[in-house]
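# Architecture at a glance
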Amino acid sequence: MSVQGIPTGQGWHPSHLLGRSWRCVFTPSSSKTKAFLWMSSRGHSSFWGSAVEGVWMILHLLASGEGKTQTGVLTPMPCPHTLPALLEDNGLTLVPYQLMEDRGWAVDLDELHLALKNAGELCEPRAIYISNPGNPTGHVQDRKTIEEVIRFAATEGLVLLADEVYQDSVYGLEKEFISYKRVLSDMGKEYSETVELISFHSLSNALMGECGLRGGYQEVINMDPAVKTHLKDMQAPSSPAVIPQLALEVMVNPPTPGDPSYETYSQEILHSQRTLSQNAQRACEFLNDLPGMNCQPAMGGVSLYPYLNLPPKMLNEAKMLGVEPDVLYCQRLLEEEGVCLGAGCENGQKDPNYHIRLCVLAPPATLEEILARLCSFHLRLLDTFP
């Protein structure tokens, strides 16, 4: 890999690289990179210090109106735990649509129509947020579902926001990641040239797992040129530094057979895939053996999202303390066992179906220790609140 066009001298900043697109930064050293660049050229690519920053910028652009005219965003329940705050921060209305837990957290078309109907006079829905693979559910959408969502967005005039940051972490049996962009391009000009799509990917959430190298990108399809220009102007202050840019290049253009690092890279990626798959299966089986828990198998991503059936006495205590029951559960787990899990209410759920969020991206020995501590705490809790 070689780097071209890097300016030198006073006044240079790493963000200057990104204002000029990848063609000015990276020499396409393989057909894969050339294909990626060509596909990006049909839309518009923007690069950010993280995927969250990219989402924030898009939501900021979508925001308008007040009251009944305020922009609404159809949002999956459960959703990424950072999303509700991003919507609120930008003055957008969260319009929830429920994922089907009994079907492995699948997207249901009837739920989308119901959410749109319920929005009523509360706001004006202008976008739909999709997480695929699901965060925190681990659900992986098939082509049929993606086509249905695209047709729904086209009919209702909604911008599609596709969060695809876990696309490299799919391990479910006979499951594969299919991007919204790929399906959209296969659906004919009626959709491929009209549906507005923005997809997000991140360096920190890929199998490379470079959380310390903050970097992400988004592709903007079928947007007005003025919007693309505005995004480019907004991008500069949030552009990643040089090293994350180089890591992004490796992510989209990994080593190929014959490259010096190919064998090492392949072994590390395969090890990460196997560990993640085995951890997800092991943790799911373990959680389903605990009384009062029920966990849907994850097909991708790095989290499990089990249902938590809490005793009525604990629900009453949480009410007296003024906290959500799942938050109280996680607080006590942290205090008593030193294990930090996410409460389901952080993922936007407001119904009485309580959940917790468990990350399985850990060495197997560490995961076993976490599960043992969780089991000990959970059984003690059931004894305390019979």
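Figured I'd write up the structure that's included with this text. (Residues numbered from 1 in each chain as written. Predicted model: local features only at pLDDT ≥ 70, side-chain atom pairs only at ≥ 80, totals over all residues. Heavy atoms only, no water.)

### What to know about the overall build of the protein chain
Keep this limit in mind: Counting from the N terminus, the helices are the DSSP runs of H or I reaching at least four residues and the strands are the DSSP runs of E reaching at least two. Under the scheme applied here, a residue whose accessible area is under 20% of the maximum for its type counts as buried, over 50% as exposed, and between as partly exposed, the area being computed with a 1.4 Å probe on protein chains only. Per-residue and other accessible areas were derived by the Shrake-Rupley procedure at a 1.4 Å probe size, with only the shown protein chains allowed to occlude residues.
A tally of regular secondary structure across the protein chain gives 15 helices and 12 strands. Counting across all 386 residues of the protein chain, residues that qualify as buried make up 49%. Element-wise, carbon and sulfur atoms account for 53% of the exposed surface of the protein chain, whose accessible area totals about 18100 Å².

### Description of the pattern of salt bridges
To be explicit about the condition: Think of a salt bridge as a Lys or Arg side-chain nitrogen and an Asp or Glu carboxyl oxygen that are within 4 Å of each other.
Under the definition given, this model contains 11 salt bridges. For the salt bridge of Glu 317 with Arg 332, the shortest nitrogen-to-oxygen distance reads 2.1 Å. Of this pair, Glu 317 sits in helix H13 (residues 312-321) while Arg 332 sits in helix H14 (residues 325-337), and the two are 15 residues apart along the sequence. A salt bridge links Arg 380 to Glu 337; its shortest N-O distance comes to 3.0 Å. Pair noted here: Arg 380 is in helix H15 (residues 364-384) and Glu 337 is in helix H14, with a separation of 43 residues, a long-range link. Owing to a relative accessible area of 34%, Arg 380 belongs among the partly exposed residues under this scheme. Salt bridges sharing common partners tie together Glu 336, Glu 337 and Arg 380.

### Quick look at the packing of helix H6 (residues 109-119) against helix H7 (residues 143-156)
Convention followed: An axis is simply a line fitted to the C-alpha atoms; with a helix, the fit covers only the stretch in contact. Between two such axes, the angle follows the N-to-C directions and lies from 0 to 180 degrees. For this classification, under 35 degrees means roughly parallel, over 145 means roughly antiparallel, 65 to 115 means roughly perpendicular, and everything else is oblique. The hand of a helix crossing depends on one turn: near helix anticlockwise from the far one by less than a right angle means left-handed, and clockwise means right-handed. Residue contacts are counted whenever heavy atoms from the two residues lie within 4.5 Å of one another.
One can describe the packing of H6 onto H7 by two numbers: an axis separation of 10 Å at closest approach and a directional angle of 25°. Considered as vectors, H6 and H7 are oriented roughly parallel to each other. As for how H6 packs across H7, the hand of that crossing is right-handed. From H6, Leu 109, Leu 112, His 113 and Leu 116 reach across to H7, where they touch Glu 148, Val 149, Phe 152 and Glu 156.

### Focus on the packing of helix H12 (residues 262-289) against H15
Keep this limit in mind: We call Asp, Glu, Lys and Arg charged. Ala, Val, Leu, Ile, Met, Phe, Trp, Tyr, Cys and Pro are nonpolar, and the rest, Gly among them, are polar.
Viewed as axis vectors pointing N to C, H12 and H15 meet at an angle of 15°, and their least axial separation amounts to 11 Å. The orientation of H12 with respect to H15, classified from their angle, is roughly parallel. Every pair of crossing elements has a handedness; the one defined by H12 and H15 is right-handed. Between H12 and H15, the contacting residues are Thr 275, Asn 279, Arg 282, Ala 283, Phe 286 and Leu 287 on the first element and Pro 364, Leu 367, Glu 368, Leu 371, Ala 372, Leu 374 and Cys 375 on the second. Grouping the amino acids of the contact of H12 with H15 by side-chain chemistry returns nine nonpolar, two polar and two charged.

### Let's talk about unusual backbone geometry
Cis geometry is adopted by the peptide bond preceding Pro 78, which originates at Met 77 and carries an omega value of 5°. One can find Pro 78 in the loop between strand S2 (71-77) and helix H5 (83-89). A cis geometry characterises the amide bond from Asn 135 onward to Pro 136, with omega recorded as 15°. Look at Trp 105: it is not a glycine, yet its phi comes out positive at around 70°. Looking at the element boundaries, Trp 105 is found in the loop between strand S3 (93-98) and H6. Not every positive phi belongs to a glycine, and Glu 174 is a case in point at roughly 60°. Overall, the relative accessible area of 78% leaves Glu 174 in the exposed class.

### Quick word on the environment of Asp 259
Heads up, the condition is: Nitrogen and oxygen atoms within 3.5 Å of one another constitute a polar contact, given that in protein one can donate a hydrogen and the other can accept it, and given that sequence-neighbouring residues count only through two side-chain atoms.
With respect to the element layout, Asp 259 can be found in the loop between helix H11 (242-252) and H12. Note on Asp 259: relative accessible area 34%, which makes it partly exposed. Separated by 2.8 Å, the side chain of Asp 259 and the backbone nitrogen of Thr 256 make a polar contact.

### Structural notes on the nonpolar core
We count it as follows: The term nonpolar core refers to a set of buried residues drawn from Ala, Val, Leu, Ile, Met, Phe, Trp, Tyr and Cys, joined through side-chain atoms within 4.5 Å.
Grouped together as the largest cluster of nonpolar side chains are 36 residues, with contacts concentrated most on Leu 287, Met 293, Leu 304, Tyr 329 and Leu 341. Where this core is concerned, the elements lending two or more residues are H12, H13, H14, strand S12 (354-359) and H15. It is H12 that contributes the most residues to this core, six residues altogether. Once residues lying within four places of it in the same chain are set aside, the contact partners of Met 293 are Leu 287, Asn 288, Tyr 307, Leu 308, Tyr 329, Ile 356, Leu 374 and His 378.

### Regarding the pairing of strand S4 (residues 124-131)
The line we're drawing: Any two strands between which DSSP finds at least two bridges are classified as paired. Handedness of a crossover is defined as follows: orient the strands so they point away from the viewer, and if the path from the first strand over the helix to the second runs clockwise, the crossover is right-handed.
Two strands pair when backbone bridges link them, and S2 and S4 are joined in this way by four bridges, in the parallel orientation. Looking at S4, one finds that Thr 71 is bridged to Glu 124. Summarising the sheet, S4 and strand S5 (residues 159-163) pair through five bridges and their orientation is parallel. From the neighbouring strand, Ala 127 faces S5, where its bridge partner is Val 159. Taking the sense of rotation as the criterion, the β-α-β connection linking S4, H7 and S5 turns out right-handed.

### Some details on the packing of aromatic side chains
Inclusion rule: Only rings of Phe, Tyr and Trp enter the pairing, Trp through its six-membered ring, and a pair is recorded when the two centres are within 6.5 Å. The plane angle decides the type: under 30 degrees is stacked, over 60 is edge-to-face, the rest tilted.
A complete count under the given rule lists two aromatic pairs for this structure. Ring geometry for Trp 105 versus Tyr 305: centroids 5.6 Å apart, planes at 65°, classification edge-to-face. Remark: Tyr 305 occurs in the loop between strand S9 (303-304) and strand S10 (307-308) and Trp 105 occurs in the loop between S3 and H6; sequence separation between them is 200 residues. The same class applies to Trp 105 as to Tyr 305, namely buried. Their ring planes at 80° and their centres at 5.1 Å tell us that Tyr 329 and Phe 377 sit as a pair that is edge-to-face. Of the two residues, Tyr 329 sits in helix H14 while Phe 377 sits in helix H15, which places them 48 residues apart along the sequence.

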